[in-house]
Amino acid sequence: KSLQRCVMYNPLLDTFLAVADCGSFTKAAEELGYSQSTVTIQIQQLEKELGFPLFDRINKNVSLTPYGEKFTVYANEFLGLASKIQSLGKTAVSYTGTLKIGVLESLFVWKVADLLPVFHEQMPNIHVEIKSATGAALYRMLRQNELDIIYIMDNMIYHKDCLRTCVSPVSVRFVAQYGHRLGEREKIPLSEIAKEDLILAERDAIYRRELDFEAAKKDIEIIPMLEIDNLEVVLCLLKKGMGISFLPDFVVKDGIKEKKLTGLDVADGEINLWSQIVYHKNKFVTPQMQAFIKLMGSDQNI
């Protein structure tokens, strides 16, 4: 009977977390494929069972009560325990479901793509959906529960509704074709680099924004010759001697090792960011999420 009662609670907790995440009974109903009345009844049933209100309902606004805030932690722990009970005797191969990943395009090409075959071998019955977008768009989709996890490159910014894992430093610097005339110079002024033919990511890219910010502090205007977010094309152009770019180390390290590219020593021309996996604090961490996070964390290149 206790196990049956646990199983009975699962859909109620799923509904609770959906409403908490969406901030709306209507949106939660759309996400779950329920009618709004079903969602309302399930929340009322859960509140009756618990003996305290989970949501404040003022006009059309829905927000968690202090009890509801605390209960999100217990709800996720409960669902996690239920998942472990149900998974007894299961292997990774037998899991089914979907994993929705959001990723910056640059991180996908150089980080995630090589790991997907490994993940598929571990969990062949998991359907993977990947969306590429800017960091701001990925956070928005995460908060709307359109994505399970996002893999981004950003500053270490605290988001009270999100949790981070697999955090690793990333250096971004100026690079050019191997043998470039500036390759042997030291402490090149950023003002001098700004006068060169620059091939840069578009302004929405985090490392482009950070570069513009550093330049603005020195009253330097960065006007690139070419703006493009396809980093493979940027690398191709650099290797052909077309201009200078500002790129993450993981993108250029092979080209530097092969002596096709060279890093430039630019004064205040290196920016440190962080690659990180992020998921919503109210999100139940599924086995496929756990497996992907573990795989990313075990990658020596992260």
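Within any chain, residue numbers begin from 1 and follow the written order of that chain's sequence. In keeping with the model being predicted, local features are shown solely for residues with a pLDDT of at least 70 and side-chain atom pairs are shown and tallied solely at 80 or more, while totals for entire chains, interfaces and linings include all residues. Calculation of side-chain values draws on the structure's entire complement of heavy atoms; hydrogens and water are dropped beforehand.

A.B. asks: Would you mind showing me how to read the pairing of strand β6 (residues 162–177) here?
C.D. replies: Every other side chain in a regular strand lies on the same face of the sheet, so the side chains alternate between the two faces. Pairing between two strands is assigned when DSSP locates at least 2 bridges connecting them. Every helix listed is a DSSP run of H or I at least four residues long, and every strand listed is a run of E at least two residues long, numbered separately from the N terminus. The sheet contact formed by β6 and strand β11 (residues 271–280) spans nine bridges and is antiparallel. By the bridge assignment, Val170 is partnered in β11 with Leu273. Both β6 and strand β9 (residues 244–248) contribute to a ladder of five bridges, which runs antiparallel. Each bridged residue has a counterpart across the sheet, and for Arg173 the counterpart in β9 is Leu247. Direction of pairing for β6 relative to strand β10 (residues 261–263): antiparallel, over a ladder of three bridges. Within the sheet, the bridge partner assigned to Val175 lies in β10 and is Gly263.

A.B. asks: Where do I start with a negative patch on the surface in this structure?
C.D. replies: Here a patch means residues that are over 30% exposed by relative accessible area and free of salt bridges, tied together within 9 Å if like-charged and within 5 Å if nonpolar (Val, Leu, Ile, Met, Phe, Trp, Tyr). Residue burial considers only the protein chains on display, and all accessible areas are found by Shrake-Rupley using a 1.4 Å probe. A pairing counts as a salt bridge when a side-chain nitrogen of Lys or Arg comes within 4 Å of a carboxyl oxygen of Asp or Glu. Residues counted as positive are Lys and Arg, residues counted as negative are Asp and Glu, and His and the chain ends are not counted. Taken as the charge centre is NZ of Lys, CZ of Arg, CG of Asp or CD of Glu, depending on the residue. Taken together, the side chains of Glu105, Glu202, Asp204, Asp229 and Glu232 define an acidic patch exposed on the protein surface. Among the structural elements, Asp229 can be located in the loop between β8 (226–227) and α10 (231–239). Burial classes follow relative accessibility: with a 1.4 Å probe on protein chains only, a residue under 20% of its type's maximum area counts as buried, one over 50% as exposed, and anything between as partly exposed. Residue classification places Asp229 among the partly exposed residues on the basis of a relative accessible area of 33%.

A.B. asks: What exactly am I supposed to notice about the packing of aromatic side chains here?
C.D. replies: Two numbers describe a pair of aromatic rings. These are the distance of the centres and the angle of the planes. Only centres within 6.5 Å qualify two rings of Phe, Tyr or Trp (six-membered ring in Trp) as a pair; their planes then separate them into stacked at under 30 degrees, edge-to-face at over 60, and tilted for everything else. Summed over the entire model, instances satisfying the criterion amount to seven aromatic pairs. Each ring, one from Phe16 and one from Phe71, has its centre 5.1 Å from the other, and the planes form 65°; the classification is edge-to-face. Of the two residues, Phe16 sits in helix α1 (residues 2–22) while Phe71 sits in helix α4 (residues 66–86), which places them 55 residues apart along the sequence. For Phe71, a relative accessible area of 10% puts it in the buried group. Three or more aromatic residues link up through ring pairs in this structure, and these residues are Phe16, Phe25, Phe52, Phe55, Tyr67 and Phe71.

A.B. asks: Can you help me understand the nonpolar core in this one?
C.D. replies: Among soluble globular proteins, nonpolar side chains are generally buried collectively. Counting 69 residues, the largest nonpolar core has Met153, Phe174, Ile193, Tyr207, Leu247 and Phe292 as its most contacted members. Tallying contributions element by element places β6 first for this core, with seven residues. Those residues within four positions of Leu247 in sequence are excluded, and the remaining contacts are Ser171, Val172, Arg173, Val175, Leu231, Val234, Leu235, Leu238 and Val252. We call a set of buried residues a nonpolar core when its members are Ala, Val, Leu, Ile, Met, Phe, Trp, Tyr or Cys and they connect through side-chain atoms within 4.5 Å of each other. Of all hydrophobic cores here, the second largest spans 20 residues; its members include Phe16, Ala20, Val39 and Ala75. In this description, contact between two residues means that some pair of their heavy atoms is separated by no more than 4.5 Å.

A.B. asks: I'm lost on the pattern of salt bridges in this one. Help?
C.D. replies: For side chains of opposite charge, pairing can occur when their charged atoms come near one another. Counted under the stated rule, the structure contains twelve salt bridges. The salt bridge partner of Asp249 is Arg173, with a shortest N-O separation of 2.8 Å. Of the two residues, Asp249 sits in helix α11 (residues 249–257) while Arg173 sits in strand β6, which places them 76 residues apart along the sequence. Among the residues examined, Asp249 registers a relative accessible area of 25% and is labelled partly exposed. In this structure Arg173 comes out as partly exposed when scored by relative accessible area, which is 26%. The residue Glu196 makes a salt bridge to Arg181 at a minimum N-O spacing of 2.6 Å. Of this pair, Glu196 sits in the loop between α8 (190–193) and β7 (198–200) while Arg181 is found in the loop between β6 and α8, placing the two residues 15 residues apart along the sequence.

A.B. asks: Would you explain the confidence of the model for the protein chain in this entry?
C.D. replies: Note that predicted coordinates carrying low pLDDT should not be read in detail. A score between 0 and 100, pLDDT records how confident the predictor is in each residue. Residue-level pLDDT values for the protein chain average 87, and 92% of them are 70 or greater. Under a pLDDT of 50 for its full length, residues 1–7 has, in the predicted model, three contacts with residues more than four places off or in other chains.

A.B. asks: What am I meant to see in unusual backbone geometry here?
C.D. replies: What you tend to see is this: most non-glycine residues have negative phi, and most peptide bonds are trans. In this structure, Lys187 is a non-glycine residue whose phi angle is positive, near 50°. Along the chain, the position of Lys187 falls in the loop between β6 and α8. One non-glycine residue, Lys259, adopts positive backbone phi at about 60°. Exposure remark for Lys259: the relative accessible area of 55% places this residue in the exposed category.

A.B. asks: It is not clear to me how helix α2 (residues 25–32) should be interpreted in this structure. Could you clarify?
C.D. replies: Residues that lie three or four places apart on an α-helix share one face, since the helix turns once every 3.6 residues. Phe25, Ala28 and Ala29 are the residues of α2 that are buried. All buried residues of α2 lie within an arc of 100° about the axis, which places them on one face of the element. Away from its buried face by more than 90 degrees, α2 exposes Lys27 and Glu30. For the purposes of these results, a polar contact is taken to be a pair of N or O atoms within 3.5 Å, where, inside protein, one atom must be able to donate a hydrogen and its partner to accept one; residues adjacent in sequence count only when each atom of the pair is a side-chain atom. One side-chain oxygen of the residue at the start of α2 lies 3.2 Å from the amide nitrogen of Thr26, identifying that residue as Ser24. One or two residues past the end of α2 sits Gly33, with phi positive at roughly 80°. As used here, the arc is the angular range of directions from the helix axis to the C-beta atoms.

A.B. asks: Hey, could you run me through the side chain of Ser24 in this one?
C.D. replies: Here Ser24 shows up in the loop between α1 and α2. The buried category is assigned to Ser24, whose relative accessible area is 15%. Engagement of the side chain of Ser24 in a polar contact is seen with the backbone nitrogen of Thr26, the distance being 3.2 Å.

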